[in-house]
Every structure is written in structure tokens, then in C-alpha cells.
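Structure at a glance
Here is what each chain is made of, one letter per residue.
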Amino acid sequence: MTDLLKTSLSRRTVLQAASVGAVGVSPALRALVHAQGSDAPEKKEVKIGFIPLTDCASVVMASVLGFDKKYGVTIIPNKEASWAGVRDKLVNGELDFAHVLYGLIYGVHLGTAGPKKDMAVLMNLNHNGQAITLSKALADKGAVDAPSLAKLMATEKREYTFAGTFPTGTHAMWIHYWLAAAGINPLSGAKLITVPPPQMVANMRVGNMDGFCVGEPWNHRAIMDGIGITANTTQDIWKDHPEKVLGTTAEFVKKYPNTTRAVMMAILEASQWIDASLSNKMKMAETVAGKAYVNTGVDAINQRILGRYQNGLGKTWDDPNHMKFFNDGAVNFPYLSDGMWFLTQHKRWGLLKDHPDYLAVAKQVNQIDLYKSVASAMKISVPKDVMRTSKFIDGVVWDGKDPAKYADGFKIKA
């Protein structure tokens, strides 16, 4: 290799060559780039854990469509039974990465969800696309949304049980927030349990819960099976909320930086591919519905990913804020304020006893610089600010500026 060629193969050139892939860069040049060694993935095969949910799609499609090979790695998607299992396997190194709940990563980082270990959020995998399901039995009594549920709970007194999927996870936080916004104290006025996503519908069928919050396709499945109705989508609670992330340990990022970049690139390309067309979304639905992944009928998946919703009571609507995987890069950027929001809710509900240094923790966990370098190499736009402002279902605005005041400002809290 000539000195001139060595000089020209800068880190940026390597990343750009990898990102452009087959378009405009010859396989010979790509091979040469990798042969140089410095940016070749240190680990050629990686295990990525996932839970059977529609939003595992970018991990699955990166593997199925071969985007992983393009960047010099082989992704092995590992189907897991529960979020607790994902947590344990990430912590002990059985999994290299995971399609994982945003709040789970923060819970592990601070030791509020089992073992404590320094963790990393590499990128968001999706926005929106979860929902709160109430049982058909409640709907038959008039409880079809949060206000009517609160009314029923006030008149028909008994223990009401609701399920999330992991104590510090997104679904637990959505259902806590949703109940509290309607004046229901989720700690003293209801019982909250943890159920793995694929088991939600079966548990509701036998009467173990009155409602649950979970990712798709399990809310739509409850409607198809005639046992539940959609009371609200999570995008009703927080439009364009972060949901699953690509998570790993801080130790893995440090030890295998090139592997980490390669995996991020493959999954970002899969995210772009999914959102690029209607036919891609339909192909994705067919793929992830398969037994190896979500293991359900494709008809349980393919409507809501297009924003075609029904509530199980005859109402149908088109939701522009349906599940998105890329949205011109808006989905994938790991805003510091998003991570901080989960910490405010962990504090609000007593999972954290004291206020952490919200911003410092988010800076430790969310790999902003790494994401920016990968996005730049792939010519994906990134926002100017690492914080964003959002308005929630109760009208309260979150901007990340005073997290302790925000966390303490709720009327209903632990």
C-alpha cells in the first residue's frame, strides 16, 4: 500500500466508504479499507437480544437483508423471553447488544433495576407505536379511556391491576403517567405488575389484569382476539416519544469501538430501508411476524405500522404519529433530555430515593459523539441541540432545563 493511499484512507474515508457501501465505492476499495485494519470490526459476529415486538424490526432486517455484512459484521438476532432476561444477558456479556427499553438501560446504569453496571444508549430504534389496552370487561362498563376509567374505579371499588413490562422501562412509565394524568395514583390506587410482552394477551384473557401497556403487535392482537380495546396510544401521551434503543455496556463500546460503529451503521441503514416505502414496511411486517421473531399473524402487525388504527369499539383513524424507525434521522438521535426524562419519572415514582445529577448521567449513558460520527459518515442529519421540548397528555411541558423541579412538581407522586 503506498504512503499516499495510506494517508488518503483517513478514518473519515473509511467510515464514508463503509457507509456508501455498494453505491459508488468498489468492493476492492472497501476490501482495501478493511485490510488497512484500523477500522475493521474487532468482533465479526455479534449477538443482539430482542423481545418479540414490532419495534425489533430494524435489528431483524439488518440481519435478514445483509446490511450487517456490508459493514463487516454478522448480526445474530437472539430471541429473549423477558426484559429481565435481556438485562441479565447484557450485564454478563451473553449478549453484545440488545433491542431494549430505554429506561431499562438507565435502571441498570444506576442500579435501580437489579445489578449496577455502566451502560450505553447508542441510538433510538423507534418512536411511538405502543398503546394502553383496557379489558373488554372494563369497556363494557364504560371505561374506554382514562377519565371514564377513573370514574368507574371511583364508583366500583376493588383492586384494579395493570401491567407494564419492566419496572424502570418505558411501558411502566407510560402507564404510570397515563393513570396519574387522570387523577389515579398508580402506587396507592391500583396494583401494577410486570408481565413479558408476548404474555400480555394471554394474561388478560384469563382475567389477571384490567389493563396493560405494551408495544405492538400485542395491543392490536388483543382487539383481534376480542379481549381488549385501545384506550390511548403512547404517542397520545408524548408525541414522538423515544421507545426502544440499541443498548450495550460501556465496557463493550470501549473494547470494540469499530464493531459498535459497524452495528450502528447496519441498523441505521435497516431503519432507513423500513421507512423508505410502503412495500418495505409490508415486507418487514411479513418478516418479523415469522416464528423466529414475533410469531404472530402478519395482520396483527401490518396495519398499525402504516398508522391505520382501530380501538376495538368501532372507531378507526389514521395516525400520522405511528411507529417510525428513521424519519430522516429524527428517530435515532439519542437526545440527552429523553434519557433525563426517564430519570425524572424514576424519581417521581420512588425508584430513585434522591435526585441524581440528571444531565451528568445522561451524558455518561447516551453516546452522542459516537452517534454523530456514525451519522456524519452516513450523511444522516442530526439536530443542532442535544435537548428537545415536548408537551405531554396532561399539558405539562418537558424541556430538560430543571429536571429536579420537574420531577418534584407533579401532584401525584411517590
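Structural notes, computed from the coordinates. All residue numbers here refer to positions counted from 1 along the written sequence of the relevant chain. Per-residue local features are limited, in this predicted model, to residues with pLDDT of at least 70; the limit for side-chain atom pairs, both in listing and counting, is 80 or more; totals at the level of whole chains, interfaces and linings are taken over all residues. As a convention, hydrogens and water are excluded, and side-chain values are obtained from all of the structure's heavy atoms.

1. Some remarks on the overall build of the protein
Think of it this way: any DSSP run of H or I at least four residues long counts as a helix, any run of E at least two long counts as a strand, and we number them from the N terminus. Looking only at helices and strands, the protein has 20 helices and 14 strands in total. Relative to the compact-globule value of 22 Å for 414 residues, the protein shows a C-alpha radius of gyration of 21 Å, a close match. Projected onto its principal axes, the C-alpha coordinates of the protein cover approximately 80 × 45 × 35 Å. Exposure is judged per residue with a 1.4 Å probe applied to protein chains only, and the accessible area is read against the type maximum: over 50% gives exposed, under 20% gives buried, and values in between give partly exposed. By the burial criterion, 58% of the 414 residues in the protein qualify as buried. Should any heavy atoms of two residues lie within 4.5 Å, those residues are counted as being in contact. A separation threshold of at least 6 residues defines the contact pool for the protein, and within that pool the share at least 24 residues apart is 77%. Surface accessibility follows the Shrake-Rupley procedure with a 1.4 Å probe radius. Residue values consider only the protein chains on display as shielding. Here the protein displays about 15800 Å² of accessible surface, and carbon together with sulfur accounts for 52% of that area. Charged-residue counts in this description rest on Lys and Arg as positive and Asp and Glu as negative, His and the chain ends being excluded. Note on charges: their place is set at NZ of Lys, CZ of Arg, CG of Asp or CD of Glu. Charge separation in the protein, taken as the distance between the mean sites of 47 positive and 38 negative side-chain charges, equals 1 Å. We compute the radius of gyration over the C-alpha atoms and compare it with the globule rule, which gives 2.2 Å times the number of residues raised to the power 0.38.

2. Side note on the layout of surface pockets
Its boundaries defined by the atoms lining it, the largest pocket holds a volume of some 210 Å³. Around the largest pocket, the lining is made up of 14 residues, and of these G93, T249, E251, F252 and Y256 lie nearest the centre. Contributions of two or more residues to the lining of the largest pocket are made by helix 6 (83-92), strand 10 (244-249) and helix 14 (250-255). Under the scheme applied here, ten amino acids are nonpolar (Ala, Val, Leu, Ile, Met, Phe, Trp, Tyr, Cys and Pro), four are charged (Asp, Glu, Lys and Arg), and all others, including Gly, are polar. Residues that form the lining of the largest pocket fall into these classes: 5 nonpolar, 4 polar and 5 charged. Throughout, the protein atoms alone are placed on a 1 Å grid, and a set of points is a cavity if a 1.4 Å probe fits but cannot get out or a pocket if it is open with protein on both sides within 12 Å along at least five of seven lines; lining residues have an atom within 4 Å of a point. Grid points are joined across faces, edges and corners, and a volume is the space filled by probe spheres set on the points.

3. Focus on the sheet that holds strand 6 (residues 161-164)
Two strands make a pair as long as DSSP finds a minimum of two bridges between them. Taken in spatial order, the 5 strands make up an open sheet running 7-6-8-5-9, and their pairing is mixed. Since the sheet does not close on itself, it has two edges, and those belong to strand 7 (191-194) and strand 9 (228-233), each with one partner. Taken pair by pair, the neighbouring strands of this sheet meet at an average axis angle of 30°, ignoring direction. Two elements, strand 5 (residues 130-135) and strand 8 (residues 211-215), share 5 bridges in a ladder whose sense is antiparallel. Axis lines are fitted through C-alpha atoms, for helices just across the contact stretch, and the angle between N-to-C directions can take any value from 0 to 180 degrees.

4. Here we look at the nonpolar core
By size, the foremost hydrophobic cluster in this structure holds 129 residues, and its most contacted members are L149, I267 and W341. Take this core: its biggest share by element is 10 residues, from helix 15 (residues 257-276). The nonpolar core is taken to be a set of buried Ala, Val, Leu, Ile, Met, Phe, Trp, Tyr and Cys residues, with the residues joined through side-chain atoms within 4.5 Å.

5. Details of the state of the cysteines
Defined by distance alone, a disulfide is two cysteine sulfur atoms within 2.5 Å. Inspection of the entire model under this criterion finds 0 disulfides. C213 carries a free sulfur, and the closest cysteine sulfur to it, the one in C56, is 17 Å from it.

6. Observations concerning the side chain of R348
Along the polypeptide, R348 turns up in helix 17 (residues 336-348). A polar side-chain atom of R348 sits 3.2 Å from a polar atom in the side chain of Q345. Contact partners of R348, with chain neighbours within four places excluded, come to Y177, A180, A407, F410, I412, K413 and A414. Under the rule applied, a polar contact is a pair of N or O atoms within 3.5 Å (in protein, one hydrogen donor and one hydrogen acceptor; residues adjacent in sequence only if both atoms are side-chain atoms).

7. What about the environment of A143?
Mapping A143 onto the fold places it in the loop between helix 8 (136-140) and helix 9 (146-155). Spatially, the C-alpha atom of A143 lies 8.6 Å from that of A231, the residues being 88 residues apart in sequence. A143 has contacts with L134, L138, S148, L149, L152 and I229, leaving out every residue within four places of it along the chain.

8. A look at empty space enclosed by the protein
Summed over the entire model, instances satisfying the criterion amount to 2 cavities of 30 Å³ or more. Each pocket or cavity is described by its volume, and for the second largest cavity that value is around 30 Å³. Contributing to the lining of the second largest cavity are T54, G129, E216, R304, I305, Y309 and M323. Partitioned by chemical class, the residues of the lining of the second largest cavity number 3 nonpolar, 2 polar and 2 charged.

What is shown is where atoms sit, not what they do.
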